[in-house]
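So you can see what is in the structure, the chains are spelled out below.
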Amino acid sequence: MAGTTDEALNRRAAFAAGVQAETGIDEDMIRTLVHAFYDRVRGDDLLGPIFAARITDWESHLAKMCAFWSSVMLMTGRYHGRPMPAHAALPVGGRHFDHWLELFEATARDVCPPEAADRFADKSRMIAQSLEMGIGTARGVMLAPGERLAERSGG
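These numbers come from a predicted model, not from an experiment.

1. Some words on helix H7 (residues 114-138)
Okay, so step 1: Over its 25 residues, H7 runs 36 Å from end to end, which matches the ideal 36 Å to within 8%, given 1.5 Å per residue.
Okay, so step 2: Those residues of H7 not exposed but buried are Ala116, Ala117, Phe120, Ala121, Ser124, Ile127, Ala128, Leu131, Glu132, Gly134, Ile135 and Gly136.

2. Some points on the packing of aromatic side chains
Aromatic rings in a pair are described by how distant their centres are and how their planes are angled relative to each other.
Okay, so step 1: Taken as a whole, this structure holds 12 aromatic pairs when the rule is applied.
Okay, so step 2: Centroid distance phenylalanine 37 to tryptophan 100: 5.5 Å. Interplanar angle 80 degrees. Geometry classified as edge-to-face. Within this pair, whereas phenylalanine 37 is found in helix H2 (residues 27-42), its partner tryptophan 100 is found in helix H6 (residues 94-111), the two being separated by 63 residues in sequence. Pair check on accessibility: phenylalanine 37 and tryptophan 100 agree, each one buried.
Okay, so step 3: On the basis of an interplanar angle of 55 degrees and a centroid distance of 6.0 Å, the ring pair of tyrosine 38 and tryptophan 58 is categorised as tilted. With tyrosine 38 in helix H2 and tryptophan 58 in helix H4 (residues 58-74), this pair connects stretches of sequence that are 20 residues apart.
Okay, so step 4: Tyrosine 38 sits in the buried class, given a relative accessible area of 6%.
Okay, so step 5: Through a chain of ring-to-ring contacts, the aromatic side chains of Phe37, Tyr38, Phe51, Trp58, Phe68, Trp69, Tyr79, Trp100, Phe104 and Phe120 assemble into a single cluster.

3. What about the pattern of salt bridges?
Okay, so step 1: Within the structure shown, the criterion is met by nine salt bridges.
Okay, so step 2: The residue arginine 148 makes a salt bridge to aspartate 98 at a minimum N-O spacing of 2.9 Å. Of this pair, arginine 148 sits in the segment after H7 while aspartate 98 sits in helix H6, and the two are 50 residues apart along the sequence.
Okay, so step 3: Given the relative accessible area of 36%, arginine 148 is considered partly exposed.
Okay, so step 4: Relative accessible area serves as the criterion here: at 33%, aspartate 98 is assigned to the partly exposed category.
Okay, so step 5: Salt bridges here are not isolated pairs; linked through shared partners, they connect Asp98, Glu132 and Arg148.

4. Notes on the side chain of serine 124
Okay, so step 1: The residue serine 124 is located in helix H7 in this model.
Okay, so step 2: What makes serine 124 buried here is its relative accessible area of 0%.
Okay, so step 3: Apart from the residues lying within four places of it in its own chain, the contact partners of serine 124 are Trp69, Trp100, Leu101, Phe104 and Glu105.

Reading the values: the criteria
Sequence order as written defines residue numbering, which begins from 1 separately in each chain. The predicted nature of this model means local features are confined to residues of pLDDT at least 70 and side-chain atom pairs, given and counted, to a pLDDT of 80 or more, with totals for whole chains, interfaces and linings taken over all residues. The side-chain quantities take in all heavy atoms of the structure and omit both hydrogens and water. Every helix listed is a DSSP run of H or I at least four residues long, and every strand listed is a run of E at least two residues long, numbered separately from the N terminus. Expected helix span is given by 1.5 Å per residue-to-residue step, counting one fewer step than there are residues. Three labels apply to residues, based on accessible area from a 1.4 Å probe with only protein chains included: buried if under 20% of the type maximum, exposed if over 50%, partly exposed otherwise in between. In summary, the pairing rule links any two rings of Phe, Tyr or Trp, Trp by its six-membered ring, whose centres are within 6.5 Å, and it sorts them by plane angle into stacked for under 30 degrees, edge-to-face for over 60 and tilted for everything else. In what follows, salt bridge is the name for a side-chain nitrogen of Lys or Arg lying within 4 Å of a carboxyl oxygen of Asp or Glu. Any pair of residues with heavy atoms lying within 4.5 Å of one another is described as a contacting pair.

Here's what the structure looks like:
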């Protein structure tokens, strides 16, 4: 059993080293991106109020988001949350996801080298699509390919 754990840790470390060599993405870059992005979110007219209504401890939220992106980008396994339940009841629709993506990608392009920004943008699009579909399912709506989530009131 210990050998399996060591193998998994070695695979994760090798993956992270490869990503870092290809893109420059490391924990410091993730922290910079996450903090810059959520600074923008907090001042955003569309997304800011949704977050302000739900996030009271920003330091804890930012730490969780750094762990999430570390797990996504570097396979560190630092994130142990469950994003779908946290997002399922949000009063959001397709335009919120589009705006989130625009803001995230613009932030990535502003604070990361091009290879890293591209990698973050690719992952963010997959995450947004998955969340939008998952929120739809939680609302009892099965989205067809290309179909967007309707907004729900309660913001």
